[in-house]
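So the chains spell out like this:
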Amino acid sequence: MSAPIEEVKGVGPKTAEALKRVNLKTVGDLIYLLPRIYENYQTTVDIADLRPGKVIIKGKIGDLHVVRTSRKRLTITQGVIRDNTGAIRTVWFNQPYRAKQFDEKREYYFTGRYELKNGRYQLTSPSATLAQDVDNNVENGFQPIYSAKSSLKPQTFRKLLDGLRPNFAKIPDLLPFDEGIPDFIKPGARAEALYNSHFPESPEEAEAGRHYLAYEELFELILAAKLNQQENQRLRSNSLPFQQKFIQKLVKGLPFQLTNAQRRATWEILQDLEKSTPMNRLLQGDVGSGKTIVAALAAAQATQNGYQTALLAPTAILATQHFESLQNLFDSLAGDMDELRVPRIALLTGATPHKKMLKRLIANGDVDLVIGTHALLTDDTNFHSLGFCIIDEQHRFGVGQRQKLLLKSPPDTAPHLLSMTATPIPRSLQLTIFGDLDVSIVNELPPGRQPITTKILPEVQQNDELYPKMREILDKGQQIYWICQIIEEKNTHSATPVKKQAKKLAEVFSKVKVGMLHGKMKTDEKDQIMNDFAKNKIQILVSTTVVEVGVNVPNANMIVIQDSEGYGLAQLHQLRGRVGRGDQPASCFLLTTGEGKPSKRLREMEKSTDGFHLAEVDLKIRGPGEIYGAMQHGELDLQVANLSDTELIAQASHHAGEFAKRPEELEHYPELAQRIKKYQQLTTLN
Ligand code: ADP
Ligand code: MG
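Scoring rules and cut-offs
Residues numbered from 1 in each chain as written. Chains lettered and ligands numbered in written order. Predicted model: local features only at pLDDT ≥ 70, side-chain atom pairs only at ≥ 80, totals over all residues. Heavy atoms only, no water. Axes fitted to C-alpha atoms, helices over the stretch in contact; angles between N-to-C directions. Helix = DSSP H or I, 4+ residues; strand = E, 2+ residues; numbered from the N terminus. Parallel < 35°, antiparallel > 145°, perpendicular 65-115°, else oblique. Left-handed = near helix turned anticlockwise from the far one by under 90°. Contact = heavy atoms within 4.5 Å. Nonpolar A, V, L, I, M, F, W, Y, C, P; charged D, E, K, R; others polar. Near = heavy atom within 4 Å. Polar contact = N/O pair within 3.5 Å; in protein donor to acceptor, adjacent residues only side chain to side chain. Areas by Shrake-Rupley, 256 points an atom, 1.4 Å probe, with all protein chains shown as cover. Pairing = 2+ DSSP bridges. Salt bridge = Lys/Arg side-chain N within 4 Å of Asp/Glu carboxyl O. Phe/Tyr/Trp six-rings, centres within 6.5 Å; stacked < 30°, edge-to-face > 60°. Lys NZ or Arg CZ within 6 Å of the ring centre and 35° of its normal. Expected span 1.5 Å × (residues − 1). Buried < 20%, exposed > 50% of the residue type's maximum accessible area, 1.4 Å probe, protein only. pLDDT = per-residue confidence, 0-100.

**A closer look at the packing of helix α8 (residues 244–253) against helix α10 (residues 291–304)**
Close contact between α8 and α10 brings their axes to 10 Å; oriented N to C, the two are set at 140 degrees. The angle between the axes of α8 and α10 places the two elements in the oblique class. In this structure, the crossing between α8 and α10 has a hand that is right-handed. Contact residues: α8 offers F246, I247, L250 and V251, while α10 offers L297, A300, Q301 and Q304. When the residues that make up the contact of α8 with α10 are grouped by side-chain class, the tally is six nonpolar, two polar and no charged.

Structure (structure tokens):
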């Protein structure tokens, strides 16, 4: 399994290089590249016998042409597929290349949904494979379909794996055979599962293979988390004892009363900080639930004990906002503090002037709380006595970045770590990936928050329904976010949709100022626009999702999300969290372009504003791997395991728990030890 990829039959230097570029370096990597789906060509039907639903047909295509709709942005490619029994219409949306893709003289298999649209039956957005390729390659009509990876075609993977086929029987077992494990974990099971996944003779075989592999994946994940937990317990950190009088005074001096949820979370964190093993805690709370103040109180406790705190935020806008609000807070408290010390705070972003001087102050211990962006992570940022790290919107940072920060603590100690996120993590995920994390939850919004009404609206109705509502908001002196989908063009993001939309809105609402924000702009340009919006110099802000993170403009009470079908549930919820932060009722419009019923995602958004509920729903709707992938730069890439399969998780968790009791045995399982490394990195504090 660990042999280099060059040893696979059919891999020359050029292919080897291409494979390595997509991280396929060993034979094992290739064997674990599992098919995306399986196509069952046995179920191919004659056109005359078609029934609505997912279908496979075999035929020739003709009459191909592209239509542009009146709304311009949508292209429709139409064609007619014929076999010996009849003909049907087929349609692709926004895939104009389809019109030129086919050889009209040759036969293809078309796989897609056969359905009634606008009174006519059609095959919607089918995928197509040359019939000859299928018929020559498929045994029993059942075929695995691989995903292309950059320049490597699916067929390449199929061919290479086929060459390895005789070797599959030699794949060694991987998992320990402890007592009480499920029956299907038996000698030879792994080899069989991998074989069945790549060369199944029936859907049942493929499913059995996947079942085993899902278990294996969960086992590895959970074992890594459990071993990390044990490792982290062995690290030393500086105890930061609870300074009751001081904290009480701080809390009394706050301009508001803490919610019960905030009190509870603060208490849990302050207790962790007292320990001489490092805290590794996740603070979860919906947007606007007030996580920052909880973190600030903990930072104050570190200061009182003579240790420094670093607060890492994903954008300069956010870091600046944190800095300003905490500076106000601590300034207002400083007067009444007699002998007690409030943190001296500083801001460090790419745009900070006199960085050198500031870094010297940090290194000398003349700053207690440093709030910053990635600029904090550079090698020349050193701390005098870093005892506590806070990472805001932790899913925005990679493992490497987190590690860089943690390593800035004094030698031989690990800092306490508090990660914060507004993307709640469903319970099943907590138990697996985050098995070693303590979690505090702020599940209560501060009093007086206004509800956000959410409405799905077809874009064609915007003139009649949306614009009048926008006018009302603007007449009241309030502000609006308008979110546009970015379009990927040859590895870059095009800002065109933002510009076009801004122009259009400027024409419709000529009395107000319309501003623009997108990823192509320079950081200080972005900051300028965001500041202007915060100061109500801009009334409508047209933006890509760069505003998604943490930004706080309480006077903005409406958000319109264009092409809302293109976003994940977590992201939609984050975006919606930009509004409803003041004392006025807020609204969110989800614009759709498609026909038919809106997706479940959008309907759930309409029904609920509870981030925890939405996270559970999201996990059910999405496939394996996707949810966490979006959360942490795709560093954890689950291939098979479905994180809503609680029974399999429970089995794997028990098994991993037993094995973790004898960690020294891992040395007899070198391949397993190697495989879990990538998961271990995710949660280690080293
Ligand atoms: P998030 O959890 O999304 O990071 P913030 O910490 O930014 O939320 O808080 C959102 C807003 O709510 C801030 O303006 C903050 O000052 C305010 N806030 C926090 N806690 C309370 C509270 N207990 N009562 C009233 N306002 C609060
Ligand atoms: Mg926040």
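**Remarks on the site of ligand 1**
In the neighbourhood of ligand 1, 16 residues make up the surrounding shell, with Q257, G288, K291, T292 and R449 lying closest. Taking Q262, its side chain carries an N or O atom lying 2.9 Å from a nitrogen atom of ligand 1. The separation between an oxygen atom of ligand 1 and a polar main-chain atom of G288 is 2.6 Å. If ligand 1 stood free it would expose 570 Å²; the protein chains cover 77% of that surface. A per-class count over the shell around ligand 1 returns four nonpolar, eight polar and four charged.

**Looking at the side chain of Q501**
Take Q501: it is sitting in helix α16 (residues 496–508). Apart from the residues lying within four places of it in its own chain, the contact partners of Q501 are W482, C484, V542 and Q562.

**Some details on the sheet that holds strand β12 (residues 386–391)**
One open sheet accounts for seven strands, arranged β10-β11-β9-β12-β13-β8-β14; its pairing is parallel. Because the sheet does not close on itself, it has two edges, and the strands there are β10 (345–348) and β14 (438–442). Between one strand and the next, the sheet's axes are offset by a mean angle of 20 degrees, whatever the strand orientation. Of the strand pairs in this sheet, strand β9 (residues 308–312) and strand β11 (residues 369–372) are connected by four bridges, and their pairing is parallel.

**Remarks on the pattern of salt bridges**
Summed over all chains, the structure comprises 22 salt bridges. For D380, the salt bridge goes to K359, with nearest N and O atoms at 3.0 Å. Taken together, the residues D380 in the loop between β11 and β12 and K359 in helix α12 (residues 355–364) connect sequence positions 21 residues apart. Notably, a salt bridge pairs K661 with E658, separated by 3.1 Å at the nearest N-O pair.

**Concerning the packing of aromatic side chains**
Counted by the stated rule, this structure contains 15 aromatic pairs. Aromatic rings pair up to connect W92, F102, Y108 and F110 into one cluster. Taking NZ or CZ as reference, R165 lies 4.3 Å from the ring centre of F199, over its face. For the cation-ring pair, R675 lies above Y32, with the distance from its terminal atom to the ring centre recorded as 3.9 Å.

**Section: the environment of N238**
The topology assignment puts N238 in the loop between α7 (203–234) and α8. As for N238 and S385, which are separated by 147 residues in sequence, their C-alpha atoms are 9.9 Å apart. Leaving out residues up to four positions away in the same chain, N238 has contacts with L273, K275, Y307, T413 and H416. In terms of polar contacts, N238 uses its side chain to reach the side chain of Y307, at 3.2 Å.

**Comments concerning helix α15 (residues 462–475)**
For α15, which comprises 14 residues, the first-to-last C-alpha distance of 18 Å matches the rise-based estimate of 20 Å (1.5 Å per residue) to within 8%. On its buried side, α15 packs onto β15 (452–458), β16 (479–483), α16, β20 (540–543), β21 (556–561) and β22 (586–592). One or two residues past the end of α15 sits G477, with phi positive at roughly 80 degrees.

**Examining the pairing of β16**
Counting buried positions along β16 yields five of five residues, so the element is predominantly enclosed. Residue alternation in β16 divides its side chains into two sets, Q479, Y481 and I483 and I480 and W482, and both sets are buried. Relative to β21, β16 runs parallel, the two being bridged by five bridges. Its bridge partner lying in β21, Y481 is registered against I559. Where β16 and β20 come together, four bridges link them in parallel fashion. Bridge pairing in β20 links W482 to V542.

**Observations concerning the pairing of strand β5 (residues 108–117)**
Here is the key point about a regular strand: its side chains alternate between the two faces of the sheet. A large share of β5 lies buried, amounting to seven of its ten residues. Here strand β2 (residues 53–68) pairs with β5 via seven bridges, running antiparallel. By the bridge assignment for β5, K54 is matched with R113. Where β5 lies against strand β6 (residues 120–130), nine bridges are found, and the strand directions are antiparallel. Within β6, the position partnered with T111 by the bridge is S127.

**A few points about the confidence of the model for the chain**
When pLDDT is averaged across the chain, the result is 86; 90% of the residues are at 70 or more. Counting contacts from residues 623–635, a segment whose pLDDT is below 50, to residues more than four positions away or on other chains yields 37 contacts.

**Topic: the sheet that holds strand β4 (residues 86–93)**
The strand order β2-β3-β4-β6-β5 describes a closed barrel built from five strands, whose pairing is mixed. Between one strand axis and the next, the sheet turns by 50 degrees as a mean value, whatever way the strands run. Judged from the two bridges that link them, β4 and β6 form a sheet pairing that is parallel. The residue bridging V91 from the neighbouring strand is T124, located in β6.

**Regarding the packing of α7 against helix α22 (residues 646–660)**
Two elements in contact, α7 and α22, have axes whose closest approach is 8 Å; the angle formed by their N-to-C orientations is 45 degrees. Judged on the interaxial angle alone, α22 and α7 are oblique. Two packed elements cross with a definite hand, and for α7 against α22 that hand is right-handed. Here α7 contributes H211, A214, Y215, L218, F219, I222, L223, K226, L227 and Q230 to the contact with α22, which in turn contributes L648, I649, Q651, A652, S653, H655, A656, G657, F659 and A660. Partitioned by chemical class, the residues of the contact of α7 with α22 number 13 nonpolar, six polar and one charged.

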